[in-house]
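# A closer look at the structure
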Amino acid sequence: MTRITVMVSGGGTNLQAVIDAAEAGTLGDASVVLVISSNAGAYALERAARHGIPSVVIGREEYPDPEERTGAILDALKGAETDLVVLAGYMSVLPPALIRAYRDRIINIHPALLPKFGGMGMYGIRVHRAVLAAGEAESGATVHFVDEGVDTGRIILQERVPVLEGDSPETLAARVLEAEHRILPEAIRRLTKAD
């Protein structure tokens, strides 16, 4: 079995998409064994609880010291015997020590067609504002491996989404989110099938 830990900071709709896919059997033998949140108020924790998935909060409030925070995350990942780490709306840049420990075993979902509209400061609604401001004809979602850069890792899967006339950042975000919910479980399925 491929043991997945999902790292979150907010609502957890991508976490829900992964849980639903695992429960439906479309992820093969992969399942979510742990949820790590950087935010004690994240609704994603409620989603995990509803499905009987253990969760832990490891954020700046609980661990102000970055090294201690990294150590706590590594301990949680090891304790859950994690095979694959999935960042699903996780709003912190991972420290190099964590990336080294799980090289090519950490993936992220990003709400744009990387390499466009990635990097520091490009998250959430900011991405969609930038896409519209640039006059792009399309946007989309990307699942990629996490490396030491920000949104620079090898691309696993992308889905294109048209930018429609009259789109606001919010309407574009909603359409891109639907694509995220499709490609994140699919990327996991492909990766775990290759094992």
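In this text, all values refer to a predicted model and were calculated from it rather than measured experimentally.

### Concerning unusual backbone geometry
Between L114 and P115 the backbone carries a cis peptide bond, its omega angle lying at 10°. Tracing the backbone through its elements, the reader meets P115 in the loop between β5 (106-110) and α5 (125-133). A positive phi angle, close to 55°, is found at F117, a residue other than glycine. Looking at where F117 falls in the secondary structure, it is placed in the loop between β5 and α5.

### Remarks on the side chain of T192
Locating T192 in the fold gives a position in helix α6 (residues 169-194). What makes T192 buried here is its relative accessible area of 9%. Polar contacts involving the side chain of T192 include one to the main-chain carbonyl oxygen of R189, which spans 3.2 Å. The residues touching T192, leaving out its near neighbours within four places in the chain, are T2, L27 and A30.

### A word on the side chain of T5
By the secondary structure assignment, T5 is in strand β1 (residues 3-8). Given a relative accessible area of 0%, T5 falls into the buried group. Within the local environment of T5, its side chain forms a polar contact with the side chain of T82, the two groups lying 2.7 Å apart. Not counting chain neighbours up to four residues away, the residues in contact with T5 comprise V33, L34, I36, L77, A80, T82, L84, V85 and V86.

### Observations concerning the pairing of β1
In terms of residue burial, β1 counts as a mostly covered element, since 5 of its 6 residues are buried. Of the strand pairs in this sheet, β1 and strand β2 (residues 31-37) are connected by 6 bridges, and their pairing is parallel. Each residue of the ladder has a partner; that of V6, found in β2, is V35. As paired strands, β1 and strand β4 (residues 84-87) are joined by 4 bridges and run parallel to one another. Across the sheet, residue V6 finds its bridge partner in β4, namely V86.

### Section: the sheet that holds β2
Strand order in the open sheet made by the 7 strands is β3-β2-β1-β4-β5-β6-β7, with mixed pairing throughout. Every interior strand has two partners, whereas the edge strands, β3 (55-57) and β7 (155-162), have only one. Neighbour to neighbour, the strand axes of the sheet diverge by 20° on average, direction disregarded. Sheet topology note: the β2/β3 ladder contains 3 bridges and is parallel. Of the residues in β3, the one forming a bridge with S37 is V57. Helix α3 (residues 66-79) rests against β1, β2, β3 and β4 of the sheet, and its axis sits at about 165° to β2.

### Some points on the pattern of salt bridges
Tallied over the entire structure, the rule returns 7 salt bridges. Its salt-bridge partner being K116, residue E136 comes within 2.8 Å of it at the nearest N-O pair. Of this pair, E136 sits in the loop between α5 and β6 (138-145) while K116 sits in the loop between β5 and α5, and the two are 20 residues apart along the sequence. Residue classification places K116 among the partly exposed positions, given a relative accessible area of 44%. In this structure, the salt-bridge partner of R182 is E159, at a minimum N-O distance of 2.5 Å.

Each value, and the rule that gives it
Residues numbered from 1 in each chain as written. Predicted model: local features only at pLDDT ≥ 70, side-chain atom pairs only at ≥ 80, totals over all residues. Heavy atoms only, no water. Helix = DSSP H or I, 4+ residues; strand = E, 2+ residues; numbered from the N terminus. Buried < 20%, exposed > 50% of the residue type's maximum accessible area, 1.4 Å probe, protein only. Polar contact = N/O pair within 3.5 Å; in protein donor to acceptor, adjacent residues only side chain to side chain. Contact = heavy atoms within 4.5 Å. Pairing = 2+ DSSP bridges. Axes fitted to C-alpha atoms, helices over the stretch in contact; angles between N-to-C directions. Salt bridge = Lys/Arg side-chain N within 4 Å of Asp/Glu carboxyl O.

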